[in-house]
Amino acid sequence: MKLQNEFSVTSQMPDVVEIVTSNGEMKCRKIEIGGRKFVLRKARCQISKANVNAYKILQLFVDMGTQTKLNDLVKERIIEFIVKNKISTKELMDLAKVFPIKVKNHLISSGVLDVNK
């Protein structure tokens, strides 16, 4: 939900913070630190400096679900992020191969691709 806050999809604050990491050994693990709850999730692929921003976009689409229609503000925020971080359509589509096909289809129909031409 923190990722959804970053892109103005929601203003709700999560009770449990989810962290996606390449260093995880288990698919999902719940931990508590200082009374705060966290869920550690193993990344779908190796996350690096080169692909972290594209991964964020795709993970946002996972978190939103395929039924969520992007409003103009959310679409604008995603496009700004893509342009600012120079994320190419090729990068997104290559990385989308490790995500469910529904996510890739939602990304394609969202209208946020091909902004960095």
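Procedures and definitions
Residues numbered from 1 in each chain as written. Predicted model: local features only at pLDDT ≥ 70, side-chain atom pairs only at ≥ 80, totals over all residues. Heavy atoms only, no water. Buried < 20%, exposed > 50% of the residue type's maximum accessible area, 1.4 Å probe, protein only. Helix = DSSP H or I, 4+ residues; strand = E, 2+ residues; numbered from the N terminus. Pairing = 2+ DSSP bridges. Polar contact = N/O pair within 3.5 Å; in protein donor to acceptor, adjacent residues only side chain to side chain. Contact = heavy atoms within 4.5 Å. Arc of directions from axis to C-beta. Core = buried A, V, L, I, M, F, W, Y, C linked by side-chain atoms within 4.5 Å. Axes fitted to C-alpha atoms, helices over the stretch in contact; angles between N-to-C directions. Salt bridge = Lys/Arg side-chain N within 4 Å of Asp/Glu carboxyl O.

## Here we look at the pairing of strand S2 (residues 28-33)
Little of S2 sits inside the fold, with 0 of its 6 residues counted as buried. Strand direction decides the pairing type here: S2 and strand S3 (residues 36-42), joined by 6 bridges, are antiparallel. Pairing of Lys30 across the sheet is with Val39, part of S3.

## A word on the side chain of Ser110
Among the structural elements, Ser110 can be located in helix H5 (residues 101-110). A polar side-chain atom of Ser110 sits 3.4 Å from the main-chain amide nitrogen of Val112. Those residues within four positions of Ser110 in sequence are excluded, and the remaining contacts are Phe61, Leu70 and Lys75.

## Points about H5
Those residues of H5 that fall on the buried side of the exposure criterion are Val103, His106, Leu107 and Ser110. Projected down its long axis, H5 shows its buried positions confined to an angular sector of 100°, all on one face. Facing away from the buried side of H5, by more than 90 degrees, are the exposed residues Ile101 and Ser109. Backbone geometry just after H5 places Gly111 at a positive phi near 85°.

## Observations regarding the nonpolar core
Core analysis: the largest hydrophobic core is formed by 23 residues, its most contacted members being Ile57, Leu58, Phe61, Ile78, Leu92 and Leu107. Of all the secondary structure elements, the ones that give two or more residues to this core are helix H2 (52-64), helix H3 (72-84), helix H4 (89-96) and H5. When residues of this core are assigned to their parent elements, the largest contribution, 7 residues, is made by H2. Those residues in contact with Phe61 that lie beyond four places of it in its chain are Leu70, Ile78, Val103, His106, Leu107, Ser110 and Val112.

## Brief notes about the sheet that holds S2
Read across the sheet, 3 strands follow the order S1-S3-S2 without closing on themselves; strand pairing throughout is mixed. Looking at which strands have only one partner, the edges of the open sheet turn out to be strand S1 (16-21) and S2. The sheet shows a mean angle of 25° between the axes of neighbouring strands, direction not considered.

## Overview of the pattern of salt bridges
Counted under the stated rule, the structure contains 2 salt bridges. When the shortest N-O distance is used, the salt bridge between Lys97 and Asp94 registers 3.7 Å. Classification of Lys97 by relative accessible area gives exposed; the value is 62%.

## Quick notes on the environment of Leu95
Mapped onto the secondary structure, Leu95 falls in helix H4. Here the alpha-carbon distance between Leu95 and Arg44, two residues 51 residues apart in the chain, equals 9.5 Å.

## Here's the deal with the environment of Lys56
Looking at the element boundaries, Lys56 is found in helix H2. Judged by its relative accessible area of 29%, Lys56 is partly exposed. Linking Lys56 and Val20, residues 36 residues apart in sequence, is a C-alpha distance of 9.8 Å.

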